[in-house]
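The primary structure of each chain is shown beneath.
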Amino acid sequence: MSAGQDLCSLAHRLWPLALGWSDASCSLPNRCSFAWLLRGCNRSAPKDAVAFHVQGTPGVKLYVVHETQSVKLPSSVCRWPLAAGTEVLLAMDAPSKDVGDEKVRISYFREAGGVPVGRAMLYLTCVEVSLDTDVSRSGAVSRTLLDKATWTWGPDGHGAILLVNCDRDDPKAETLDNQDTAIRSYAGTGTSHTRNPLSPMFFPPDFPFLQPFPPPDLKDMSQMVLRTRGPRTIFAGHRLLLHVDFSDADKVGVFYGGNNIALEEYKHVLGGSKLAYTVKPSRHQEESIFYVEGLAFPNVGFSGLVAFHVTFLESPEKVPAARGVRVSHKGGEQSPNAVPLPFQGLLETPIFTDTVVFRVAPWIMTPNTAAPLEVFVCSVDNNEDFVAAVGAMAEKAKCPLTVCPLLENRQDRWIQDEVEFGYVQAPHKTFPVVFDSPRDRGLKDFPVKSILGPDFGYVARQAPEGASSLDSFGNLEVSPPVTVQGKEYPLGRILIGSSFPRFGGRRMAKAVKDFLVAQQVQAPVELFSDWLHVGHVDEFLSFVPAPDRKGFRLLLASPSACYQLLKEKQEEGFGEAVMFEGLKEVPKPTINEILANEGLRKFNNYVQSCINWNRDILKRALGLAESDILDIPQLFRGDVAIGAEAFFPDMVNMLVLGRHLGIPKPFGPLVGGQCCLEERVRALLEPLGLTCTFIDDYFSYHILSGEVHCGTNVRRKPFAFKWWHMVP
């Protein structure tokens, strides 16, 4: 039988080689059949035999394949030629009740003889051995006609899914759940970030013996069910071996509790150095439930696919007791003498192997346009007003606020740069996973100490070559879902900044970029950000929700739009209006002075060319039209050597909480008592149903080369779209 078939059949062939039959290669006429294909029935036929007749007991279906035609027996043809191409197919619809309870007899005939010159009897014992998973992706293990040994993408795809068990269900544990070989349960007052930790797991009616409330760590794992049916005495002479390929062993862990429900009874049986596990089927139970966890996300050299096998092995010392043949060349039957064979040192014989394939679920980012679930901000010296403003915005958006205290952030306010929030998903479970950047400054311990927990996972990548500013996650964004020339990206596309198209310069660490590419579901786009002093893509772009077109707008910082606005105000007679009104000890240039500054204009022409380069990339990579893009007035200062920084607070670097936008207050020239920059941004965004709140971050973030987005972070609602329905 092929590994992907649903049911296993085992024929206790009674010295079939004496009949000249080769080992069977099987096919199944239907889901409930067990089949053998017997070839070469003429090789050891009695001398002068030229034809044969075959018949079986009622539980066996027989087919003869002759000259490419398949004929079901009994038929009008009584005898079949002993030709090289003649084959006999045996099929059974159900496992045997007793050993050898079904039989097939072949009678051999001479050319004109009416009496058989020899007979052979085949005693059959049919046993079901099946390894099953949630191949149909329904959230529960079920039996299916789908091929378990393959994994396919798309809405009509199939194949089981595995989560990396990267949370920490026991808050007292020192490591992630996938870094030990124990089953963890909740302790203390740990709170699930996805659902009530005591909510019952759904178990299909096939498994009523399962406990209704399994340990929470098991809920992060995928079930793999081994079914065995047939005479239980068969298993005394055979062995069931569950095994994993050596190349996959460090990617998975398998736990088994036998018939017990006690937490301490679950043992680590596969994964790591354990490549195989002998399963002892129970006399009273036909299913054995295994729990499988992922240990590693897809990455370079690991596609995410993992295969498990169960092999039914026949022990060599059991062969004489199980085999025998009655053969007579003169019409009678006789039993051969039992001849002892030197079985010592012989290997077990594999009779059948069933295979299932899992794909490890990817880590998935969420875009600005996704609904916010939790806002994060750091409390550091002299940013109380900023924290209060972010808190007020979160309250408007009805979103919880988490403040990282000074003791935990150690004066590191750039929480956007330290982590990126995403999630993992399988049909039976979804939970958030925080991706920790290689930057490792004051906030380096915050993700593990304060975010990692029950149903909140953690993943990190390091930069052995040394982290640069481009490895901070202000340089990691994702677009909303897009369609590009007919190609759908239902989970959006990841955007990262690099030195391209320059030679040399800074790039994101290879380990981080490779990880993002390997997830497959949000194909990364590389942008040019090394022209900036800090070098992050969130300094010149953002996405906001919109009620029309593609459901969003791309916001791009635009020196051209800013110069156009300032020129308009100058022509309206406001040339002497000053920037940075109300800020102490800050130079206050007028509109006239800014427009007359040739050095500043020349540098911003260069900046605009860099943004235009990215604009073209984004239009191609995201399938955008000009009407999908809004130009946000912005000026930059600096030079080509040290890179560009925002001349006034960078308004695209905003916090997006649904329709509520927290925008850095630009302190632009006042025209009629109103900041003309704020008014222009309101005019662009409020028609989309968005509410603009301008947050003063000048002294707490802007002069330190960052803005509102840099100083906040948001955990968002996962996509409604299931990642396995897409085609990468």
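Residues numbered from 1 in each chain as written. Predicted model: local features only at pLDDT ≥ 70, side-chain atom pairs only at ≥ 80, totals over all residues. Heavy atoms only, no water.

A. Fine view of the overall build of the chain. On a plain count of helices and strands, the chain comes out with 11 helices and 41 strands. Within the chain, the fraction of its 728 residues that count as buried is 56%. Counting only contacts in the chain whose residues sit at least 6 apart along the sequence, the fraction spanning at least 24 positions is 74%. Entry remark: accessible area of the chain is about 30100 Å², with carbon and sulfur atoms responsible for 54%. (Helix = DSSP H or I, 4+ residues; strand = E, 2+ residues; numbered from the N terminus. Buried < 20%, exposed > 50% of the residue type's maximum accessible area, 1.4 Å probe, protein only. Contact = heavy atoms within 4.5 Å. Areas by Shrake-Rupley, 256 points an atom, 1.4 Å probe, with all protein chains shown as cover.)

B. Local environment of the sheet that holds strand S20 (residues 364–365). Taken together, the four strands give an open sheet; going across it, the order is S20-S23-S24-S25, and neighbouring strands pair in mixed fashion. Taken across any chain shown, the strands that pair with only one partner, and hence form the sheet edges, are S20 and strand S25 (457–460). One ladder, built from two bridges, connects S20 with strand S23 (residues 419–426); its direction is antiparallel. Residue pairing in the sheet places Met365 in a bridge with Gly422 of S23. (Pairing = 2+ DSSP bridges.)

C. A look at the packing of aromatic side chains. One pass over the full model with this rule turns up 27 aromatic pairs. Ring centres of Tyr256 and Phe290 lie 4.3 Å apart, and the angle between their planes is 20°; this geometry places the pair in the stacked category. Remark: Phe290 occurs in strand S16 (residues 287–294) and Tyr256 occurs in strand S13 (residues 252–256); sequence separation between them is 34 residues. With respect to burial, Tyr256 and Phe290 carry one shared label: buried. Seen from their ring centres, Tyr277 and Phe290 are 6.4 Å apart, and the 75° between their planes marks the pair as edge-to-face. Taken together, the residues Tyr277 in strand S15 (residues 276–279) and Phe290 in strand S16 connect sequence positions 13 residues apart. Residue Tyr277 is classed as partly exposed on the basis of its relative accessible area of 25%. Residue classification places Phe290 among the buried residues on the basis of a relative accessible area of 0%. (Phe/Tyr/Trp six-rings, centres within 6.5 Å; stacked < 30°, edge-to-face > 60°.)

D. Fine view of the pairing of strand S22 (residues 401–404). Sheet topology places strand S21 (residues 372–378) next to S22; four bridges connect them, and they run parallel. Its bridge partner being in S22, Val377 is matched across the sheet by Val403. Following the chain from S21 across helix H3 (residues 384–396) to the adjacent parallel S22, one finds a crossover that is right-handed. (Right-handed = clockwise from strand over helix to strand, strands pointing away.)

E. Local environment of the sheet that holds S21. Taken in spatial order, the three strands of this open sheet run S22-S21-S41, and their pairing is mixed. Whereas interior strands pair on both sides, the edge strands pair on one side only; in this sheet they are S22 and strand S41 (712–716). For this sheet, the mean inter-axis angle between neighbouring strands, taken without regard to orientation, is 20°. Across the sheet, H3 is in contact with S21, S22 and S41; its angle to S21 comes to roughly 175°. (Axes fitted to C-alpha atoms, helices over the stretch in contact; angles between N-to-C directions.)

F. Structural context of the packing of helix H8 (residues 559–571) against helix H10 (residues 598–622). Direction vectors running N to C along H8 and H10 enclose 135°, while the axes themselves pass 8 Å from each other. Viewed along their axes, H8 and H10 adopt a mutual orientation that is oblique. For the pair H8 and H10, the contacting residues are Pro559, Ser560 and Tyr563 in the first and Leu600, Arg601, Asn604, Val607, Gln608 and Ile611 in the second. Residue composition of the contact of H8 with H10, grouped by class: five nonpolar, three polar and one charged. (Parallel < 35°, antiparallel > 145°, perpendicular 65-115°, else oblique. Nonpolar A, V, L, I, M, F, W, Y, C, P; charged D, E, K, R; others polar.)

G. Main features of the packing of H8 against helix H11 (residues 676–685). Two elements in contact, H8 and H11, have axes separated by 11 Å at closest approach and are oriented at 120°. In terms of orientation, H8 and H11 fall into the oblique class. The way H8 lies across H11 gives a crossing that is right-handed. Here Cys562, Leu565, Glu568 and Lys569 of H8 lie close against H11, whose contacting residues are Cys676, Leu677 and Arg680. (Left-handed = near helix turned anticlockwise from the far one by under 90°.)

H. Layout of a nonpolar patch on the surface. Side chains of Phe699, Ile703 and Leu704 sit close together on the surface and give an oily, nonpolar patch of about 280 Å² of accessible area. In this structure, Phe699 sits in the loop between strand S40 (691–695) and S41. (Patch = residues over 30% accessible without salt bridge, like charges linked within 9 Å, V, L, I, M, F, W, Y side chains within 5 Å. Salt bridge = Lys/Arg side-chain N within 4 Å of Asp/Glu carboxyl O.)

I. Structural context of helix H7 (residues 510–518). Here H7 has its buried residues at Val512, Asp514, Phe515, Leu516 and Ala518. One or two steps after H7, the chain reaches Gln520, where phi turns positive at roughly 75°.

J. Quick peek at H8. The end-to-end C-alpha distance of H8 is 18 Å, a good match for the 18 Å that 13 residues give at a rise of 1.5 Å each. Residues of H8 that are buried: Pro559, Ala561, Cys562, Tyr563, Leu565, Leu566 and Lys569. Gly573 sits one or two positions beyond H8 and adopts a positive phi of about 95°. (Expected span 1.5 Å × (residues − 1).)

K. Examining the state of the cysteines more closely. For the coordinates displayed, the defined rule picks out zero disulfides. Note on Cys675: no disulfide assigned, nearest cysteine sulfur contributed by Cys676 at a separation of 5.6 Å. (Disulfide = S-S within 2.5 Å.)

L. Here's a closer look at the pairing of strand S12 (residues 238–244). For S12, the tally of buried residues reaches six of seven residues, placing the bulk of the element in the interior. Here four bridges tie S12 to S15, and the two strands are oriented antiparallel to one another. Each residue of the ladder has a partner; that of His243, found in S15, is Ala276.

M. Structural detail: the pattern of salt bridges. A full pass over the atoms with the stated rule returns 30 salt bridges. Between Asp132 and Lys148 there is a salt bridge whose closest N-O contact spans 3.5 Å. Taken together, the positions of Asp132 in strand S9 (residues 128–132) and Lys148 in the loop between S9 and strand S10 (160–162) put the pair 16 residues apart, joining distant regions of the chain. Lys148 carries the same exposure label as Asp132, and that label is buried. Close ionic contact of Lys665 with Glu678 constitutes a salt bridge, the shortest N to O distance being 2.7 Å. Taken together, the positions of Lys665 in the loop between strand S37 (660–664) and strand S38 (670–671) and Glu678 in helix H11 put the pair 13 residues apart, joining distant regions of the chain. Taking the relative accessible area as the measure of exposure, Glu678 reaches 9% and is therefore buried. Sharing partners across several salt bridges, the network here consists of Asp132, Lys148, Arg227, Glu287 and Asp354.

N. Geometry of the environment of Asn382. Mapped onto the secondary structure, Asn382 falls in the loop between S21 and H3. Measuring from C-alpha to C-alpha, the distance between Asn382 and Ser700 comes to 6.9 Å, with 318 residues separating the pair along the chain.

O. View of the side chain of Gln608. On the secondary structure map, Gln608 appears in helix H10. Classification of Gln608 as buried rests on a relative accessible area of 9%. For Gln608, the contacting residues outside a window of four places in its chain are Ser558, Pro559 and Ser560.

P. Expanded view of unusual backbone geometry. In this chain, Leu73 is followed by Pro74 through a cis amide linkage whose omega measures -5°. You can see Pro74 is positioned in the loop between strand S4 (69–72) and strand S5 (80–81). Of note in this structure, Arg137 is not a glycine but carries a positive phi near 60°. By the secondary structure assignment, Arg137 is in the loop between S9 and S10.

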